[in-house]
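Fold and geometry: a report
Chain by chain, the residues run as shown.
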Amino acid sequence: MLFLRRAALAGLLALAAVAPANSQTKPRIVSLIPSLTEDLFAIGAGPQVVGVSAWTDFPPQATRLPVVGSASSVDTELVLRLHPDAVVGIPAQAALVADLRRAGLSPELLADDSYQDIFSDLARLGRISGHASEAAALEKRLRARTAQLQGSVRGNSRPSVFVVLGVGPIYTVSDTSYIAQLIALAGGRNAAGNLKDAYPRYSAEALVALQPDVVVADSQSGLSGVLDRAPWNALRAVREHRVYILADAALLERPGPRYNEGLAWLIARLHPHGA
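Structural notes, computed from the coordinates. As the structure is a prediction and not an experimental result, all values here were calculated from the model.

With that out of the way, let us pick up the environment of P27. Relative to the elements of secondary structure, P27 occurs in the loop between α1 (2-17) and β1 (29-31). Through-space distance from the C-alpha of P27 to that of H83 is 10.0 Å; in sequence the pair is 56 residues apart. When sequence neighbours within four positions are dropped, the list of residues in contact with P27 reads Q48, D85, I128 and S129.

Read across the sheet, 4 strands follow the order β9-β6-β10-β11 without closing on themselves; strand pairing throughout is parallel. Unpaired on one side and paired on the other, β9 (189-190) and β11 (243-246) mark the two borders of the sheet. Note: strand β6 (residues 160-164) against β9, 2 bridges, orientation parallel. Of the residues in β9, the one forming a bridge with V161 is N190. Contacts from helix α11 (residues 259-270) reach β6, β10 (214-218) and β11, with the element oriented near 165 degrees to β11.

Here the focus is the pairing of β6. Put simply, side chains in a regular strand alternate between the two faces of the sheet. Along β6, 5 of the 5 residues are buried, which leaves the element largely enclosed by surrounding structure. The alternating pattern of β6 places S160, F162 and V164 and V161 and V163 on opposite faces, both of which are buried. As paired strands, β6 and β10 are joined by 4 bridges and run parallel to one another. Looking at the pairing, F162 lines up with V215 of β10.

Before going further, it helps to examine the side chain of S53. Secondary-structure assignment places S53 in strand β2 (residues 49-53). You can call S53 buried: its relative accessible area is 3%. Of note is the side chain of S53, whose polar atom sits 3.5 Å from the backbone oxygen of L32. Not counting residues within four places of it along the chain, the set of residues in contact with S53 comprises S31, L32, I33, P34, V67 and G69.

A separate point is the nonpolar core. Most often, soluble globular proteins have nonpolar side chains that are buried together. V88, L125, L182, V216, Y259 and L266 are the most contacted members of the largest nonpolar core, which totals 45 residues. When neighbours within four sequence positions are excluded, L266 is seen to be in contact with L182, I183, A186, V216 and L252. In this structure, A191, V226, W232 and A237 belong to the second largest nonpolar core, which totals 16 residues.

Here we take up the packing of aromatic side chains. A ring pair, where both rings are aromatic, is described by two values, the distance of the centres and the angle of the planes. Overall, the coordinates contain 4 aromatic pairs when judged by the stated rule. Between the aromatic rings of F119 and Y259, the centroid separation amounts to 6.0 Å while the plane-to-plane angle is 90 degrees, which identifies the pairing as edge-to-face. Here the residue F119 occupies a position in helix α5 (residues 115-129), and Y259 occupies one in helix α11, the gap between them amounting to 140 residues. The class of F119 is buried, set by a relative accessible area of 3%. With relative accessibility at 0%, the residue Y259 sits in the buried group. Counting every residue linked through ring pairs, the aromatic cluster contains Y115, F119 and Y259. Above the ring of F119, the side-chain terminus of R143 is found at 3.8 Å from the ring centroid. Looking at R258, its charged tip hangs above the ring of F58, at a distance of 3.9 Å from the centre.

So, how was this worked out
- Residues numbered from 1 in each chain as written.
- Predicted model: local features only at pLDDT ≥ 70, side-chain atom pairs only at ≥ 80, totals over all residues.
- Heavy atoms only, no water.
- Helix = DSSP H or I, 4+ residues; strand = E, 2+ residues; numbered from the N terminus.
- Contact = heavy atoms within 4.5 Å.
- Pairing = 2+ DSSP bridges.
- Axes fitted to C-alpha atoms, helices over the stretch in contact; angles between N-to-C directions.
- Buried < 20%, exposed > 50% of the residue type's maximum accessible area, 1.4 Å probe, protein only.
- Polar contact = N/O pair within 3.5 Å; in protein donor to acceptor, adjacent residues only side chain to side chain.
- Core = buried A, V, L, I, M, F, W, Y, C linked by side-chain atoms within 4.5 Å.
- Phe/Tyr/Trp six-rings, centres within 6.5 Å; stacked < 30°, edge-to-face > 60°.
- Lys NZ or Arg CZ within 6 Å of the ring centre and 35° of its normal.

Here is the structure:
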């Protein structure tokens, strides 16, 4: 088995040693996470991206690139055949990129969990891709738009929001999650706040006792099909039609350059008369 492992590694090293047919002045990049792919395209480095991960759905041109892995696997041989100068992913993928490191690449693993990570990731990707000035300009525009959106909220009410990620069983978000941070920016408060895990399981009984002001979900959560059943039909928010389902979950769930679209969507629903 050790011999086979060494033989496989030798093959990977050989792949890594072959130079691409056409060198570029800007580094070729493989992105292992959809949000980082969006970042790269947003700062003008899209033409440098040569491989992406599963679930990459934006921008459209990124969906036509080779898929080299997912959150749980990386096709090391395919990545090496693409001859990237840089590979970017998240810390949870450290074990998945071990063979890439052994083959001579140095994957950059960027935290992608919080609102502030959006801007630190843009800056780092700007440096990696050679688009630092574009990344800085984008950050300035994003922050200005966020300030504008927050300024559109009138009044002091902070409606409680229960986020539905799944219904069988129920999964939601705690205050440590990125989505809760977006809710706070929108002038709301996360109904299921004080929980340890960022994306915890939640009991039906606790949800009925909670009685949130607003329920939000994405179209893949399954919520729309169970609103007439317990525990959902016991919620005032359901009976009073304060349930909002977002077609593009990435706007709410993916830290990236389109977050202001998710923020605007939230503000319009949490403060319909003041945004």
